[in-house]
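This is what each chain is made of:
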Amino acid sequence: MRKTIARAAAALSLAVAATLGTMGTAQAAPAPVPVPAAWTSLTNSLAYVGQNDFCTGVLDINVESEPGKPGSATLVITSRGASGHGPGWAANPNCHVDLLVAWNNAGSIAGPQEQIALDIPAQPGEVVRREMNPGSGLIALTAGLSYLDVNTLQFLPQMSYPVIGYLMVP
């Protein structure tokens, strides 16, 4: 646990130092070389309760970026599989969840959010990739399951604690 916290603090320090290091007086210098996204969070594992007979499982949330595509990043969602019990799960062994992902630059209060519908099978290993355009710089990202649909504000029988972290996007 201490190693995880130490790694997260070190990565966050690196992201803040890189952001603050670009500020200062204007001088003639070569253009900076793009850096891949540095994703740091206390945990990237999202344990959830889903919508199909209260199915359960774990998703791993990661972020990748390409130095050649500034301002964009790819959200990588990897399933560890799902499990459930009851007649709904027996008829359809897929756990449906609506993952809410929100991001903003570190200086703003609110930013864009996207709801991603996932049907998670019982077998682990399924990977979903979703492009997002948070812009360049230090970005705060939150992913989790909400009991409200962001589009219709209707109740969804699902829940999780969120994964919250920071990333540096070139």
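All figures in this text were calculated on a predicted structure; none of them were measured in a lab.

Student: Looking at this model, I keep getting lost on the environment of leucine 145. Mind explaining?
Tutor: Tracing the backbone through its elements, the reader meets leucine 145 in strand β8 (residues 137–145). Between the C-alpha atom of leucine 145 and that of isoleucine 116, which follows or precedes it by 29 residues, the distance is 9.9 Å. In this structure, leucine 145 is in contact with Tyr48, Val49, Val97, Asp98, Leu99, Gln158, Met159 and Ser160, ignoring residues within four places of it in sequence.

Student: It is not clear to me how the pattern of salt bridges should be interpreted in this structure. Could you clarify?
Tutor: Two side chains bearing opposite charge may form a pair once their charged atoms approach each other closely. On inspection of all chains with the given rule, the structure shows 4 salt bridges. A salt bridge links aspartate 60 to arginine 80; its shortest N-O distance comes to 2.9 Å. Residue aspartate 60 is located in strand β3 (residues 56–64), and its partner arginine 80 is located in strand β4 (residues 73–83); the two are separated by 20 residues in the primary sequence.

Student: What is the right way to look at a nonpolar patch on the surface in this model?
Tutor: Residues Tyr147, Leu148, Leu153, Phe155 and Met159 make up a contiguous nonpolar surface patch of roughly 540 Å² in combined accessible area. A relative accessible area of 59% means that phenylalanine 155 is categorised as exposed.

Student: I keep staring at the nonpolar core and nothing clicks. Help me out?
Tutor: Nonpolar side chains tend to gather and get buried jointly when the protein is soluble and globular. Core analysis: the biggest nonpolar cluster contains 27 residues, and Ile61 and Leu99 have the highest contact counts within it. Top element by residues in this core is strand β5 (residues 94–105). It accounts for 5 residues. In this structure leucine 99 touches Leu46, Ile61, Ile77, Glu114, Gln115, Ile116, Leu118, Ala143, Gly144 and Leu145, once residues within four positions along its chain are discounted.

Student: It is not clear to me how the sheet that holds strand β2 (residues 45–49) should be interpreted in this structure. Could you clarify?
Tutor: Sheets are built from strands that pair by backbone hydrogen bonding, the pairs being arranged parallel or antiparallel. Spatial strand order, β7-β4-β3-β2-β9: 5 strands in an open sheet with antiparallel pairing. Strand pairing shows two members of the sheet lacking a second neighbour, β7 (127–132) and β9 (159–160), which therefore form its edges. For β2 and β3, the ladder comprises 5 bridges, and the chain directions are antiparallel. Bridge pairing links serine 45 to aspartate 60 in β3.

Reading guide: rules and limits
- Residues numbered from 1 in each chain as written.
- Predicted model: local features only at pLDDT ≥ 70, side-chain atom pairs only at ≥ 80, totals over all residues.
- Heavy atoms only, no water.
- Helix = DSSP H or I, 4+ residues; strand = E, 2+ residues; numbered from the N terminus.
- Contact = heavy atoms within 4.5 Å.
- Salt bridge = Lys/Arg side-chain N within 4 Å of Asp/Glu carboxyl O.
- Patch = residues over 30% accessible without salt bridge, like charges linked within 9 Å, V, L, I, M, F, W, Y side chains within 5 Å.
- Areas by Shrake-Rupley, 256 points an atom, 1.4 Å probe, with all protein chains shown as cover.
- Buried < 20%, exposed > 50% of the residue type's maximum accessible area, 1.4 Å probe, protein only.
- Core = buried A, V, L, I, M, F, W, Y, C linked by side-chain atoms within 4.5 Å.
- Pairing = 2+ DSSP bridges.

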